[in-house]
Amino acid sequence: MEEFRRAYSRLCRESGTEPQETVLQQLHQLPQGRLDLATQSLTVDTCRALGKLLQKESLLTELILSDCMLSEEGATLLLQGLCVNTVVRFLDLKGNNLRAAGAEALAKLLRQNKSIQSLTLEWNNLGTWDEAFATFCGALAANGTLRQLDLRNNQINHKGAEELALALKSNASLQQLDLRWNHIGLLGGRALVNCLPSNRTLWKLELAGNNIPGDILRAVEQAMDHNQDRQTVFRESQARAQVLSKEVRHLREEKSKQFMDLMETIDRQKEEMARSSKASAARVGQLQEALNERHSIINALKAKLQMTEAALALSEQKAQDLGELLATTEQEQRSLVQRQAKEHRLEQQEAAERESKLLRDLSAANEKNLLLRNQVDELERKVKSQQEQLFLTKTELTNTTAELKMRAVQAEERLELEKKRSRQSLEDAEHLRFKEVEHMTRHLEDSERAMQERVQRLEAARLSLEEELSRVKAVALSERSQAEEELIKAKNQVRLEEQQHLAHLEEKLRLLAQARDEAQSACMQQKQTVADAQARASQLGLQVESLRRRLEELQQELSNKDQEKVAEVTRVRLELQEQNGRLQAELTAQEALKEKAAALERQLKVIASDHREALLDRESENASLREKLRLKEAEIARIRDEEAQRASFLQNAVLAYVQGSPLRTLSPQK
């Protein structure tokens, strides 16, 4: 304020006048943001200086100039300065005897200024000049920022009230208007009542002391109450809409984050699967190379055997002396047969252990099926909770309708008609929903039939499985029949989840079939190894028969060669057994990886189903809230129409009353 005070004194000196001491004192004592010059008689020069300062002032928000004895010229200069001001919110010009020029300056202010929200013009004479007051009212109609206007004791007659009524029809920002202690009269009151239906922002209108009948005042009060209710409802709806928009935005952000996390996990799993497949391919290549090397060694051994057979053909003449050697070789053959029988038994035990492992896997699959049943129970509980939420929303709707009934006691018959219509619309909606449910059930039955046909085909292909696999199949079929019965009872969301459950069971069956095929392939490989061993045993028998024909000179060499052959065969067998063990370990590792991938896929499906459920819940909540908003807006529109009709009825009644009153007969004499 000190800068404002210095600028004021500087402008006064530049214009050749001395600043007023009283004004300087007031400027020195004023608080921040408020200029109070009430009861100070301001000269024209002071008003000119203040008008220039107010053009550039950016700190003042309240300007009080009540009872300042302003002249027409001083008021015009002040108001010209305020036309370009963008900071002042409150302006008080009470008791300044403003007339025609002041009214025109105020009209210019209302047209150009976009910041003043409260204007006090009490104890002036604006209504004495009709043309000037009409320009003021025209500017008021074009103004869009003024919220409060005080026009008490301004000599406003019925013509001025008619001009104000025209302005109120176009104005969309004024909320409070004080017209007490004027000369509005009956005609002005009628004009104001007629303009109120088209104005929806004015919620306070004071008309005391204007010789207006009580019924018109009551009509004005009803219109103000109606506008006030409309404003409260509008604010509430805006607040709810903002809350809903924030919730929807928050949900979208959360779902986008979850989707991105899911995509990242899927990419990581794909990378891990690719790495594991590459590693398994490299291992298979290494094993293939090792097998090729073993084949080359076996071929070399076969060549050696051919060489020995040629040597044995030369020594057929000395075979008679090898009887003793034959007995020893027969004993060795028997021992070899016993060893092979033992190895066969061990292989059978290993096959039994593998079968027990498969049975354990089947029991684990049954436990997983039980877990899936528990998940279905949890889904049913979720459906029940959603039904409870729907019941709570219905109770809230009944409470809101009860409140609306309390507010609209006078319009009960029309509300009953609206209720009947709403019931009919609800019945139509329920009928449509029932049709949609029937259509969805038909579609689901068709899909279930297709799935049953597919399962029958799979069953026909799996007839060659063992008894344990058939039991698992029966359990899966029973579970699927239970799931189909639950699908008929559940809603659309639960049906989708049951379909996913069936697909998951089929995936499990496929995995079990793959495991069974792998086990069969392993058994075939073992049988092949047994056949190879038997072939080698037959070859050894042939070698024994050929050894009978050998000569005494070659006994030592033949015994050494036989020992070398036995060592070679045992070493090859050991290597083959080690390779089989490695292959089995790799197969088990691959099965574990497949199970992990299946578990990850199941987790992804569960997360996706939860995501869909949350989205559907949020969408249903948004739809219910939108329906509530639509019903409230329809109710508000209906109440508006009823209030407008009531106001028109009241206006017609007042006109009829005025036309039938004795005042009309006396008016020509007046």
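Residues numbered from 1 in each chain as written. Predicted model: local features only at pLDDT ≥ 70, side-chain atom pairs only at ≥ 80, totals over all residues. Heavy atoms only, no water.

- For the chain, the name recorded in an unreviewed UniProt entry is Leucine rich repeat containing 45, with Rangifer tarandus platyrhynchus as its organism.
- The record in UniProt for the chain states the following under Subcellular location (unreviewed entry): "Cytoplasm, Cytoskeleton, Microtubule organizing center, Centrosome". (UniProt positions renumbered as here; feature names shortened; annotations may be inferred.)

### Considerations on the overall build of the chain
Phase 1: A tally of helices and strands in the chain yields 15 helices and seven strands.
Phase 2: Relative to the compact-globule value of 26 Å for 670 residues, the chain shows a C-alpha radius of gyration of 51 Å, a clear excess of over 25%.
Phase 3: Its C-alpha atoms give the chain principal-axis dimensions of roughly 170 × 70 × 30 Å.
Phase 4: Per-residue burial for the chain yields a buried fraction of 33% across its 670 residues.
Phase 5: Pairs at least 24 apart in sequence give 84% of the contacts found in the chain among residues at least 6 apart.
Phase 6: With the model as given, the accessible surface of the chain reaches about 42000 Å², and the carbon-plus-sulfur share is 53%.
Phase 7: Once the 101 positive and 108 negative side-chain charges of the chain are each reduced to a mean point, those two points are 3 Å apart. (Helix = DSSP H or I, 4+ residues; strand = E, 2+ residues; numbered from the N terminus. Rg over C-alpha atoms; globule rule 2.2 N^0.38 Å. Buried < 20%, exposed > 50% of the residue type's maximum accessible area, 1.4 Å probe, protein only. Contact = heavy atoms within 4.5 Å. Areas by Shrake-Rupley, 256 points an atom, 1.4 Å probe, with all protein chains shown as cover. Lys, Arg positive; Asp, Glu negative; His and termini not counted. Charge placed at Lys NZ, Arg CZ, Asp CG, Glu CD.)

### Quick word on helix α6 (residues 130-142)
Phase 1: Over its 13 residues, α6 extends 19 Å from the first C-alpha to the last, a length consistent with the 18 Å expected when each residue adds 1.5 Å.
Phase 2: Every buried residue of α6 is listed here: Ala132, Phe133, Phe136, Cys137, Ala139, Leu140 and Ala141.
Phase 3: Next to the buried residues of α6 lie α5 (100-112), β5 (148-150) and α7 (158-170). (Expected span 1.5 Å × (residues − 1).)

### A few points about the sheet that holds strand β1 (residues 34-36)
Phase 1: Strands sit in the order β1-β2-β3-β4-β5-β6-β7 across an open sheet of seven strands; the sheet is parallel. Looking at strand neighbours, the two that pair on one side only are β1 and β7 (204-206), the edges of this open sheet. Strand after strand, the sheet turns through a mean of 0° between neighbouring axes, direction not considered.
Phase 2: Where β1 and strand β2 (residues 62-64) come together, three bridges link them in parallel fashion. (Pairing = 2+ DSSP bridges. Axes fitted to C-alpha atoms, helices over the stretch in contact; angles between N-to-C directions.)

### Considering a positive patch on the surface
Phase 1: On the surface, Lys246, Arg249, Arg252 and Arg626 cluster together to form a positively charged patch.
Phase 2: Turning to its location among the elements, Lys246 is positioned in helix α9 (residues 214-314). (Patch = residues over 30% accessible without salt bridge, like charges linked within 9 Å, V, L, I, M, F, W, Y side chains within 5 Å. Salt bridge = Lys/Arg side-chain N within 4 Å of Asp/Glu carboxyl O.)

### Points about the pattern of salt bridges
Phase 1: Applying the stated rule across the entire model yields 19 salt bridges.
Phase 2: Between Asp36 and Arg34 there is a salt bridge; the shortest N-O distance is 3.7 Å.
Phase 3: Residues participating in the shared-partner salt-bridge network are Lys94, Glu122, Asp150, Arg152, Asp178 and Arg180.

### With respect to the packing of helix α1 (residues 2-14) against helix α2 (residues 21-29)
Phase 1: Contact geometry for α1 and α2: axes closest at 8 Å, N-to-C directions at 160°. By the angle between their directions, the pair α1 and α2 is classed as roughly antiparallel. When you trace α1 past α2, the crossing you get is right-handed. Two secondary-structure elements touch here, α1 through Glu2, Phe4, Arg5 and Tyr8 and α2 through Val23, Leu24, Leu27 and His28. (Parallel < 35°, antiparallel > 145°, perpendicular 65-115°, else oblique. Left-handed = near helix turned anticlockwise from the far one by under 90°.)

### What to know about the UniProt feature "coiled-coil region" (unreviewed entry) in the chain
Phase 1: Following the UniProt record, the feature "coiled-coil region" (unreviewed entry) maps to residues 234-272, 298-332 and 362-642 here.
Phase 2: Helix makes up 100% of residues 234-272 and strand 0%. Its end C-alpha atoms lie 57 Å apart.

### Looking at the side chain of Arg602
Phase 1: Here Arg602 is to be found in helix α14 (residues 555-660).
Phase 2: With no salt bridge to any partner, buried Arg602 finds its closest opposite charge in Glu601, at an N-O distance of 7.2 Å.
Phase 3: In this structure, Arg602 is in contact with Lys368, His504, Lys508 and Glu595, ignoring residues within four places of it in sequence.

### Considerations on the environment of Arg5
Phase 1: For Arg5, the position within the fold is in helix α1.
Phase 2: Once the C-alpha coordinates of Arg5 and Ala103 are considered, the two residues, 98 residues apart in sequence, prove to be 29 Å apart.
Phase 3: Once you skip the residues sitting within four places of it in the chain, Arg5 turns out to touch Leu24, Leu27 and His28.

### A few points about a nonpolar patch on the surface
Phase 1: Judged by side-chain polarity, Phe259, Met260 and Met263 come together as a nonpolar surface patch covering roughly 300 Å² of accessible area.
Phase 2: With respect to the helices, strands and loops of the structure, Phe259 is situated in helix α9.
Phase 3: For Phe259, a relative accessible area of 48% puts it in the partly exposed group.

### Concerning α5
Phase 1: Compared with the 18 Å implied by 1.5 Å per residue over 13 residues, the 19 Å span of α5 between its first and last C-alpha is a close match.
Phase 2: Along α5, the positions that sit buried rather than exposed are Gly102, Ala103, Ala105, Leu106, Ala107, Leu109 and Leu110.
Phase 3: Buried residues along α5 sit in contact with α4 (72-83), β3 (90-92), β4 (118-120) and α6.

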